[in-house]
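# Notes for the structure review
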Amino acid sequence: MSKEIFTVPVRRLAYPPRATSDDMPSVPKPRDGAPGDRSGTRSAAATGGGGLRLDIQGLRAVAVSLVVLSHSGVPYVAGGYVGVDVFFVISGFLITSLMLREWSREGRIALGRFYARRALRLLPASTLVVLATLAGSWLFLGPLRFADYAKDAVASAWYVVNFRLAEAGTDYFNTDVPPSPFQHFWSLAVEEQFYLIWPIVLIVALKLFRRRVLLALPLLALAAASFALNLHLTESSPSWAYFGSQGRIWELAVGALLALAAHRLHTIPRLAAAALSWAGLAAIGYAAVAFDESTRFPGHNALVPVLGAAAVLAGGAAAGRYGAGAVLSLRPAVWIGGISYAWYLWHWPLILIVPAAAGFGEHDGPLRLIAALGGIGLAWLTLHLVENPMRFHRAFKAHARRGLSLGLGLSAVAAAAAVFAAQFPPVLDSGVARQNTKEAIAAASDPRAALTELLQQRVEKLPSNLEPSMRDTAYKRSAVYTDDCALTMSDEVQTQPCLYGDTTADRAVVLFGDSHVAQWFPALDSIAREHHWRLYSFTKNACKVAQITIEYNGGPYSTCDDWRAVTLDKILKLEPELVITSSSNSAKLYGDGDMGEAWEKGQAETYRMLQQGRTQVLTLLDTPWPKNNAVDCAVAHPDSLSSCARHRSDADPKPEVTEAIRAAAAAENVTTIDPYEWVCAPSGTCPVVVGNTMVYRDYGHLADGFVEALTPVVEHELLRHFGADLSRRPGR
């Protein structure tokens, strides 16, 4: 699909409230003559006795509530995804505090016991949710993505789903794919990966250094390296910056560093501690309100919620009744904090599955919030019927080996269930067989007339003989993608030859542009073979042929500008007979200026550079855009495909850009072809199924099968304008 270049290719969905620790930091003796202070900030030293810091429970409640509200689409808290950063800090603080307390009490940290506690705390509830989500996905989320969801379930069971999501986020065509119901497990995976390495690092540091200040050195090094990587990845690979543990560990490390100083936090002057806790809570609230999907995150912006959470934890140790704990320790907040892990686990699959089960589709409205709030009841039941019984059962609590065995067994059961379910995917409903689109157009004496007739036939139900299949339509890619000839957003240099058609021919044709010229490859490759043309592919995702700088990830899409300059030089040296250009017309201009005016000027400049010597230029205007991801819409509405169709009058996201390209082409005597007539019926309806073939593969790109079917129509237009030997010069 051709997505707007400024769209961040990472969904900020399912940012998890992290699991609570087995024990909370303890309460030191009341200071300053405040016996029995019940303000809710009952402080904790890292090695103290056995009380509970209620303000931390309340902070958990704030974090999970922000996440839930954000994911439910509640206005004004679009930045609620920062709740996950708050949980990272809390987890780093509590886990480190527990290990320091164990070291102080016993002179060692038992790794087996530590990992057993983690397994007992996390895996019973998470396994239940994985199995329930798998069942709900099979029943209500349709067959198209179920194989992917099953893989996500396996990755979630073994706490590596964040790597799978990070890699998927680098795929340009995944931006409009519906989010996985298991996506919220990514942060749990980040924390578990931190727990694998941090206890070992801490044990080594404790044996090497006796002074606490020296204990901080390895943690500081780890945090600094992770933060630097976070900054780099936010610029170069946003999905890895968001989901990857390597760029997130610094957030847990901040909490761990705070735990190393916990024995001194109670010495902070009371008023200063109170101010610090309120400032930290305000920082978290600011991030939740001020940040949104366009915010470059994590990057340096993650400092706001991370330092805010650290300030609440630090200030809460000494603030007494004057600090933010006065609010965070209120009974409702503490109660929500107690079920925050289970609520987080349930809220995201409920948000996705309940509206689908109710048949609301995209028009779920407040049902998302209602479903998420319903997760509170499930969370309470999970806590009391699953979490606590397993966590405190004497058969496991006192036997680390049993706890580890149980944890491994639960993960194995969840993974095995997902693998088994993948062997029996749900079946896609379909109607009667329809006329074969490719064969009908190829056999017609007038391919264009045959196409028009097919476009006029209303297809309301998915054909039983759909070809290619829905999954192949959505997932299979043409050679320009499998050969790495369509550059990603970060690539600047094309290292592959990317030569197709008749590779020994004399005449040459070049495809130049973004994915909206690459989508025509299946037809053009066939035509090039038939008429003995060499076909070169020079494409880069979302990179326009016009000499303009567009916005990407909040900054200039500089790799596009660099690639364009290099590629134009390559094309001029090739001296092809024909250059076919096309670009998605959806983008945001970087900096100030009128989009239409800038695009027309930039497009004309590119035309002048290309039209030298024998080289001619053809521009294929942008194709009509469907309402949404067409394959997912068709799967969701297999009996009413007209609800997925769009009228051509609404199908151009940037008509001013289309007019600018037309004007530039006219000024430079460049031939243009408008493909709307190949995709929309004379009535103006642009269907998602024509004959027995899907028209689109996602939100914006034509399906390879449909483009293949259009080959005779495209061939006729090319030969009409340029001739079989590419010597005809239209308009001259």
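The structure we're discussing is the one just above.
Okay, so let's go over this structure. Fair warning: this is a prediction, and the values are worked out from it, not measured in the lab.

## Quick word on the overall build of the protein
Across its full length, the protein carries 31 helices and 13 strands. Against the compact-globule benchmark of 27 Å for 732 residues, the protein has a radius of gyration of 29 Å, which places it among compact chains. C-alpha atoms of the protein, sized along the principal axes, occupy 95 × 50 × 40 Å. Considering the protein as a whole, with its 732 residues, one finds that 59% of them fall into the buried category. The contacts of the protein with a sequence gap of at least 6 include a subset with a gap of at least 24, amounting to 83%. Here the protein contributes 66 positively and 66 negatively charged side chains, and the mean placements of these two sets differ by 14 Å.

## Observations concerning the pattern of salt bridges
Pairing between side chains becomes possible if they bear opposite charge and their charged atoms approach one another. Applying the stated criterion to the full structure yields 28 salt bridges. Among the ionic pairs, Asp55 bridges to Arg53, the shortest N-O distance being 2.6 Å. Between Arg608 and Glu668 there is a salt bridge whose closest N-O contact spans 2.9 Å. With a gap of 60 residues between them, Arg608 in helix H26 (residues 595-610) and Glu668 in the loop between helix H28 (655-667) and strand S10 (671-673) connect regions that are remote in the sequence. You can call Arg608 partly exposed: its relative accessible area is 45%. Taken together, the salt bridges that share partners define one network made up of Glu102, Arg105, Glu106, Arg113 and Arg117.

## A closer look at a nonpolar patch on the surface
Residues Trp335, Leu378, Trp380, Leu381 and Leu385 make up a contiguous nonpolar surface patch of about 480 Å² in total accessible area. Ranked by residue count, the leading element in the nonpolar patch is helix H16 (residues 367-391), at four residues. Its place among the elements puts Leu378 in helix H16.

## Quick look at the state of the cysteines
Under the definition given, this model contains four disulfides. Cys485 shares a disulfide with Cys498; S-S distance 2.0 Å. An S-S torsion of about -100° defines the bridge between Cys485 and Cys498 as left-handed. Pair noted here: Cys485 is in the loop between helix H22 (479-482) and strand S1 (486-487) and Cys498 is in the loop between S1 and strand S2 (499-501), with a separation of 13 residues, a long-range link. Taking relative accessible area as the criterion, Cys485 reaches 2% and is therefore assigned buried. Put simply, Cys543 and Cys560 are joined by a disulfide, and their sulfur atoms are 2.0 Å apart.

## Details of the nonpolar core
A general trend in soluble globular proteins is that nonpolar side chains are found buried together. In this structure, Leu59, Phe93, Phe185 and Trp186 are the most contacted members of the largest nonpolar core, which totals 120 residues. Tallying contributions element by element places helix H2 (residues 83-106) first for this core, with twelve residues. Membership of the second largest hydrophobic core comes to 66 residues, among which are Leu144, Leu451, Ala634 and Val714.

Basis of the calculations
- Numbering of residues begins from 1 in every chain and follows the order in which that chain's sequence is written.
- Per-residue local features are limited, in this predicted model, to residues with pLDDT of at least 70; the limit for side-chain atom pairs, both in listing and counting, is 80 or more; totals at the level of whole chains, interfaces and linings are taken over all residues.
- To get the side-chain values, all heavy atoms of the structure are used, and hydrogens and water are removed first.
- Secondary structure is summarised from DSSP: a helix means a run of H or I of at least four residues, a strand means a run of E of at least two, and numbering begins at the N terminus for each.
- Our radius of gyration looks at C-alpha atoms and nothing else; its globule reference is 2.2 Å times the residue count to the power 0.38.
- When a residue's accessible area, from a 1.4 Å probe over protein chains only, is under 20% of the maximum for its type it is buried; when over 50% it is exposed; and in between it is partly exposed.
- Residue contacts are defined here by distance: any two heavy atoms, one from each residue, within 4.5 Å place the two residues in contact.
- Asp and Glu count as negative and Lys and Arg as positive, but His and the ends of the chain are not part of the count.
- The atoms used to mark charge sites are NZ of Lys, CZ of Arg, CG of Asp and CD of Glu.
- Here a salt bridge means any side-chain nitrogen of Lys or Arg lying within 4 Å of a carboxyl oxygen belonging to Asp or Glu.
- Residues with no salt bridge and a relative accessible area higher than 30% make up the patches, which join like charges within 9 Å and nonpolar side chains (Val, Leu, Ile, Met, Phe, Trp, Tyr) within 5 Å.
- Exposure was quantified through the Shrake-Rupley algorithm and a 1.4 Å probe, taking into account, for residues, occlusion by the shown protein chains and nothing else.
- For the purposes of this analysis, a disulfide is any pair of cysteine sulfur atoms at a distance within 2.5 Å.
- Here, nonpolar core refers to any group of buried Ala, Val, Leu, Ile, Met, Phe, Trp, Tyr and Cys residues whose side-chain atoms link them within 4.5 Å.

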